[in-house]
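Chain by chain, the residues run as shown.
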Amino acid sequence: MYTLTKIERFNQNVLSKYHVYNSVFLTLPFDSVGNTGVMLPLFSEVCEKGFQKHETPIQIVDFFNKKYLDDAPEWDRIGLLFRFIQYIERQIVLFDAIEDAAFPIVNNLEGKGSLRDIKDTAEAKGMIEIFRQFLKDFNVRTVLTAHPTQFYPGSVLGIITDLTDAIREDDLVEIKELLSQLGKTPFIKKQKPTPFDEAVSLVWYLENVFYETSGAMLSYIQKNVFDGGNLENPIFNLGFWPGGDRDGNPFVTTEITLKVADRLRTSILKSYYKDIRKLKRKLTFYQVDNLIAELESKIYRSVFYSQGEIYITLEEFKARLQDIKTIIINEHQSLYLDEVNELINKVTLFGFYFASLDIRQNSKIHDAVFDDIFKYTSGYESKPITEKLEDLSQMQGNLDPKDFTDEMTQSTIGSVYAMKTIQQNNGELGCNRYIISNCESALHIMQTFALVRQCDWEHPTVDIVPLFEVIDDLQNAPQIMEQLYSNAIYKKHLEHRGNQQTVMLGFSDGTKDGGYLMANWSIYKAKENITSISRKYGIKVLFFDGRGGPPARGGGKTHKFYASLGSTIEHQQIQVTVQGQTISSNFGTLDSCRYNLENLLTAGATNQVFAETQATLTETQKALLDEIASIGYTKYSDFKNHPKFIPYLEQMSTLNYYAKTNIGSRPSKRKNSDKLDFSELRAIPFVGSWSQLKQNVPGFFGVGSALKHFEETGQWEKVQDLYDSSLFFKTLLENSMMSLAKSFFPLTAYMKDDPEFGDFWQIIYDEFLETKRLLLKIAGHQELMENYPDGKASIAMRENIVKPLLTIQQYALSRINQLQQNENPDTELIKMYQKIVTRSLFGNTNASRNSA
């Protein structure tokens with residue numbers, strides 16, 4: 001019997017099961033829902049046929065009202081629409097759970113991109129020793145951020161986990177009970193979460209997914225690659241932003257930072273305690289039983305009886321585990337050695353900190369803080385930048401937050417002292433990076449360096465990490481880094497840090513600023529040029545990519561990007577942010593976490609171990625990419641500067657509703673002002689608003705125009721050859737196809753007749769059509785994403801589930817606009833439709849899994 005193809009496995013284990021369990025869900029009796037389960041399929045059919053006939057959302061809802069509701073009054077109709085939203089939200093949860101349950105069946109966990117595959121390839125090519133050397137130095141660092149793109153509250157995430165297990169076992173009784181529970185569980189957060197709440201939510205993934213998965217992967221490597229030898233390099237690292245990311249979030253205080261660090265330490269100690277309890281049931285033999293009992297007692301006291309006091313040091317913990325290992329090998333025929341090794345590996349991975357808490361602040365805040373610090377110092381502000389850099393490098397001191405009246409100055413200084421406290425309690429890796437977002441100059445980096453040294457920290461065990469985001473800053477980044485490396489005292493600091501410098505590059509704001517093509521190409525070039533400068537000064541640069549979920553924010557087939565980097569870009573580590581839905585979709589289960597971590601690891605191995613399998617871009621290809629990006633940038637810039645750009649987002653999209661969703665502690669804008677300033681608008685609501693419109697502009701706009709230029713000028717072969725020979729360019733365009741596949745312009749086609757925004761909508765649609773046509777041409781496809789049939793099928797099903805939800809959202813927006821044009825608007829009715837719009841954001845975002 002032949003093995004089913006991936007799409008056949010998807011259809012059998014995902015689509016078929018969804019239709020079966022959804023039919024069960026629709027028949028369950030929920031309080032006050034009435035006949036919603038019967039009416040929703042009818043409404044879905046009306047939406048589908050209505051869009052095929054080019055009807056508007058208002059026409060679709062009105063037709064449904066007349067045919068099935070006997071022209072029900074508007075308030076009754078609103079009540080049913082709310083219930084439809086509630087049902088659709090839960091259908092999405094059901095689909096998530098079914099897809100999670102089928103993950104190891106649909107995806108080959110031992111196939112291409114897996115640890116086993118890369119190990120077998122290295123052995124077959126006689127390169128196993130090279131592979132071992134690679135693993136001794138290489139690291140994958142996934143950094144969990146608190147960026148608000150996840151709308152599931154904790155109770156619903158728990159149901160998804162239980163539902164996934166029940167579906168995997170085909171336990172229909174349990175599934176039915178969980179679907180009933182789901183129907184009665186609220187999806188709405190009545191209050192915004194605090195930064196600590198966000199941290200607690202993400203700690204769940206650390207405890208239940210990353211702890212087990214990372215430990216098992218390291219043990220596999222130890223046993224199968226290093227033949228059981230000790231591993232000094234943890235290979236996998238975890239970073240953590242909730243509680244440390246202060247950029248634009250006034251609710252992150254010094255107290256919150258310390259509280260989150262304490263929670264991380266307690267969580268990892270609890271995880272160790274559970275493992276020790278399991279080991280104690282097995283290690284019942286002579287000499288070992290007393291050692292494991294002693295460990296259990298000390299860890300237990302540190303977790304449950306401690307007021308911040310730890311009754312065992314990390315070094316002692318490691319030493320005792322090594323003692324146990326030695327006795328087992330020498331005296332007890334290595335009985336349960338694998339289990340002991342796995343715990344040792346986990347301790348190597350997570351220490352007493354679990355995940356490294358990063359501190360982040362905006363450079364503009366640092367400017368204000370330094371103005372405050374130097375307000376009584378004459379002459380500093382008038383000095384040229386070279387002298388300022390020299391002055392900053394010389395600064396040391398013992399700043400006291402209490403000496404300042406400005407709250408931001410107190411908080412910023414306090415964050416440095418918090419880092420010192422965390423390092424004392426959790427170890428250096430507990431908190432040793434300070435990230436400066438919106439970094440525009442070497443001055444911003446040296447300000448941070450000086451700030452740290454002025455907090456009674458002459459030789460700080462802290463890495464200062466510049467974050468370059470907008471296009472100008474990305475282009476200036478190499479010169480900025482050279483200024484830093486040329487500073488003798490900062491160079492001395494880098495020597496103390498192992499001659500390593502981490503540089504963060506932001507995809508989200510880069511795309512928002514310069515468009516899809518220019519942002520991605522500018523980041524590639526910045527990496528190349530920073531690598532060259534760093535090598536010149538003997539510095540090993542480590543790149544940290546600030547990626548979001550969708551292609552517009554650096555998401556999509558991320559591992560392919562890393563596999564496409566040539567030798568001109570330093571790639572001894574892969575560091576990447578993971579946020580919102582991407583955490584739950586890519587790292588939410590043991591199987592998906594393992595699959596995606598292994599893909600990132602093997603992407604690094606593709607570059608370093610099997611370098612001949614990828615090609616560095618030639619100078620001719622780079623010149624061509626310069627031209628392509630430039631054309632796309634011009635098209636996007638003209639579009640962004642269109643007089644209707646901001647009004648369109650404000651009046652025709654859901655942009656103004658994001659702040660009402662209560663999913664994250666951060667405000668949706670960096671500054672609290674009534675007027676929308678595009679530069680202060682955060683990337684998440686910006687990209688998310690286009691996603692809610694099903695237009696996904698940031699993921700494709702400018703691509704079609706750039707490709708069309710080469711078609712019209714008889715140079716198509718150039719871009720075709722580039723696509724065929726460059727994995728970087730191919731992945732870039734394939735991810736843009738994903739943005740197109742998630743677009744649905746019939747939803748907003750009514751806007752083309754709008755007297756104010758009709759022409760603007762047409763500009764977007766025309767670029768969409770050209771991009772789609774030319775991407776299909778260059779890929780040789782008939783349909784978008786046809787080379788990823790399972791991904792395509794998943795997107796199609798999710799889009800089908802939310803189509804009624806999106807129809808309701810656009811209907812509500814249209815009714816709001818109609819009502820506001822009345823001479824005496826019905827304010828209560830407007831408020832109710834505004835609630836519908838806000839509520840509709842949830843389901844669409846969750847269904848897309850990487851929409852914001």
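Before any of the text, the structure's been laid out above.
Every chain's residues receive numbers from 1 upward, in the order its sequence appears when written. Totals for whole chains, interfaces and linings use every residue, but because this is a predicted model, local features are given only for residues with pLDDT of at least 70 and side-chain atom pairs only at 80 or more, for both listing and counting. Side-chain metrics in this entry use all non-hydrogen atoms of the structure; hydrogen atoms and water are not considered.

### Considering the overall build of the protein
Under the DSSP-based scheme used, a helix requires at least four consecutive residues in state H or I and a strand at least two consecutive residues in state E, with every element numbered from the N terminus. Summing up its helical and strand segments, the protein has 33 helices and nine strands in all. Overall, the C-alpha framework of the protein stretches about 80 × 70 × 60 Å when taken along its three principal axes. A simple rule labels every residue: compare its accessible area, found with a 1.4 Å probe on the protein chains alone, to the largest value its type can have, and call it buried under 20%, exposed over 50%, or partly exposed in between. The buried share of the protein, taken over its 852 residues, is 60%. Throughout, a contact is declared for two residues whenever any of their heavy atoms are within 4.5 Å. The long-range fraction of contacts in the protein, counting pairs at least 24 apart against all pairs at least 6 apart in sequence, stands at 82%. Per element, the accessible surface of the protein, about 33500 Å² overall, is 49% carbon and sulfur. Each accessible area value is a Shrake-Rupley result obtained with a 1.4 Å probe; residue values ignore everything except the protein chains displayed when judging cover.

### Some points on the environment of isoleucine 816
Mapping isoleucine 816 onto the fold places it in helix H32 (residues 789-820). Classification of isoleucine 816 by relative accessible area gives buried; the value is 4%. Taking C-alpha positions, isoleucine 816 is 46 Å from lysine 525, a pair spaced 291 residues apart along the chain. Sequence-distant contacts of isoleucine 816, defined by excluding residues within four places in its chain, comprise Tyr657, Ile830, Tyr833, Gln834 and Val837.

### Description of the packing of aromatic side chains
Centres within 6.5 Å make a pair out of two Phe, Tyr or Trp rings, where for Trp the six-membered ring is used; the pair is then stacked when the planes are under 30 degrees apart, edge-to-face when over 60, and tilted otherwise. Going through the model one piece at a time under the given rule, you end up with 47 aromatic pairs. A ring pair is formed by phenylalanine 43 and phenylalanine 84, whose centres lie 5.1 Å apart and whose planes are at 20 degrees; its orientation type is stacked. Note that phenylalanine 43 is positioned in helix H2 (residues 36-52) and phenylalanine 84 in helix H4 (residues 74-106), a separation of 41 residues in sequence. For the pair shown, phenylalanine 43 and phenylalanine 84 are each scored as buried. Taking 6.0 Å as the distance between ring centres and 65 degrees as the angle between the ring planes, the aromatic pair formed by phenylalanine 64 and phenylalanine 84 counts as edge-to-face. In this pair, phenylalanine 64 sits in helix H3 (residues 57-68) while phenylalanine 84 sits in helix H4, placing the two residues 20 residues apart along the sequence. Just as phenylalanine 64 is buried, phenylalanine 84 falls in that class too. Just above the ring of tyrosine 311 sits the side chain of arginine 301; from NZ or CZ to the centre is 4.0 Å. When the ring centre of phenylalanine 757 is taken as origin, the NZ or CZ atom of lysine 644, which lies over that ring, is 5.9 Å away. Either the NZ atom of lysine or the CZ atom of arginine qualifies as a charge over a ring when it sits within 6 Å of the ring centre and within 35 degrees of the ring normal.

### Considering the environment of lysine 119
Note that lysine 119 resides in helix H5 (residues 115-124). With relative accessibility at 11%, the residue lysine 119 sits in the buried group. Distance in space between the C-alpha atoms of lysine 119 and tyrosine 636 is 44 Å, their sequence separation being 517 residues. Sequence-distant contacts of lysine 119, defined by excluding residues within four places in its chain, comprise Ile128, Phe131, Tyr220, Asn224 and Val225.

### Section: the sheet that holds strand E7 (residues 500-506)
Paired strands are those between which DSSP finds at least two bridges. One open sheet accounts for nine strands, arranged E3-E2-E1-E9-E8-E7-E6-E5-E4; its pairing is parallel. Of all the strands in the sheet, just strand E3 (356-357) and strand E4 (359-362) have a single pairing partner and so form its edges. With four bridges joining them, strand E5 (residues 433-437) and strand E6 (residues 463-468) adopt parallel strand pairing. Within the sheet, the bridge partner assigned to isoleucine 435 lies in E6 and is valine 465.

### Remarks on the pairing of strand E8 (residues 540-546)
In terms of residue burial, E8 counts as a mostly covered element, since six of its seven residues are buried. Here E7 runs beside E8; their pairing, made up of seven bridges, is parallel. Residue pairing in the sheet places glutamine 501 in a bridge with valine 541 of E8. Pairing of E8 with strand E9 (residues 573-579), which is carried by two bridges, proceeds in the parallel orientation. From the neighbouring strand, aspartate 545 faces E9, where its bridge partner is valine 576.

### What to know about the packing of helix H10 (residues 254-282) against helix H16 (residues 407-426)
As a rule, the C-alpha atoms of each element are fitted with a line to give its axis, helices using only the stretch in contact, and angles between N-to-C directions run from 0 to 180 degrees. Contact geometry of H10 with H16 gives a least axis separation of 9 Å together with a crossing angle of 20 degrees. Relative to H16, the element H10 lies roughly parallel. Remark: the crossing between H10 and H16 carries right-handed chirality. Across from Thr254, Thr257, Leu258, Ala261 and Arg265 in H10, the residues of H16 making contact are Ser411, Gly414, Ser415, Ala418, Thr421, Ile422, Asn425 and Asn426. Convention used here: angles under 35 degrees read as roughly parallel, angles over 145 as roughly antiparallel, angles from 65 to 115 as roughly perpendicular, and any remaining angle as oblique. Helix crossings are classified by the rotation of the near helix relative to the far one: an anticlockwise turn of less than a right angle makes the crossing left-handed, while a clockwise turn makes it right-handed.

### Quick notes on the pattern of salt bridges
Only one rule defines a salt bridge in this text: a Lys or Arg side-chain nitrogen within 4 Å of an Asp or Glu carboxyl oxygen. According to the stated counting rule, one finds 54 salt bridges in the structure shown. Here aspartate 170 makes a salt bridge to lysine 17, at a shortest N to O gap of 3.3 Å. Of this pair, aspartate 170 sits in the loop between helix H7 (154-168) and helix H8 (172-184) while lysine 17 is found in helix H1 (residues 6-26), placing the two residues 153 residues apart along the sequence. Here arginine 90 makes a salt bridge to glutamate 89, at a shortest N to O gap of 3.5 Å. Looking at glutamate 89, the relative accessible area reads 1%, which means it is buried. Overlapping salt bridges bring together Lys708, Glu711, Glu712, Glu770, Arg773 and Lys777 as one network.

### A look at a nonpolar patch on the surface
On the surface, a nonpolar cluster with roughly 340 Å² of combined accessible area is contributed by Tyr300, Phe304 and Tyr305. Within the element layout of this structure, tyrosine 305 appears in the loop between helix H11 (288-304) and helix H12 (314-331). For patch building, the residue pool is restricted to those with more than 30% relative accessible area and no salt bridge; the joining distance is 9 Å between like charges and 5 Å between nonpolar side chains (Val, Leu, Ile, Met, Phe, Trp, Tyr).

### Concerning H3
With twelve residues, H3 should reach 16 Å at 1.5 Å per residue; the first-to-last C-alpha distance of 16 Å fits that figure. For H3, the full list of buried residues reads Pro57, Ile58, Ile60, Val61, Phe64 and Asn65. Viewed end-on, H3 has its buried residues packed into an arc of 165 degrees, placing them on one side of the element. When the buried face of H3 is taken as reference, the exposed residues oriented beyond 90 degrees from it are Lys66 and Lys67. Each element contacted by the buried residues of H3 is listed here: H2, H4 and H32. Multiplying 1.5 Å by the residue count of a helix minus one yields the expected span of that helix. Note: the arc covers the axis-to-C-beta directions of the helix.

### Some remarks on the packing of helix H29 (residues 716-725) against helix H30 (residues 727-741)
Where H29 contacts H30, the axes come no closer than 6 Å and their chain directions differ by 95 degrees. One element, H29, and the other, H30, form an angle in the roughly perpendicular class. Here Val719, Leu722, Tyr723 and Ser725 of H29 come into contact with H30, specifically with Leu727, Phe729, Lys730, Leu733, Glu734 and Met737.

### A word on the environment of aspartate 463
Of note, aspartate 463 is situated in strand E6. Under the relative-accessibility criterion, aspartate 463 is labelled buried at 17%. Aspartate 463 sits 65 residues away from glutamate 528 along the chain, and the two C-alpha atoms are 21 Å apart. Apart from residues lying up to four places away in sequence, aspartate 463 is in contact with Asn432, Arg433, Tyr434 and Arg497.

### Points about the side chain of histidine 781
When you line up the elements, histidine 781 lands in the loop between helix H31 (758-779) and H32. Taking the relative accessible area as the measure of exposure, histidine 781 reaches 13% and is therefore buried. Each polar contact in these results corresponds to two N or O atoms within 3.5 Å; when the atoms are within protein, one needs to be able to donate a hydrogen and the other to accept it, and residues that are neighboring in sequence are counted only if both atoms are side-chain atoms. For histidine 781, the side chain forms a polar contact with the main-chain oxygen of alanine 779, separated by 3.5 Å. If we ignore the near neighbours within four places in the chain, the residues touching histidine 781 are Met737, Leu776, Glu786 and Asn787.

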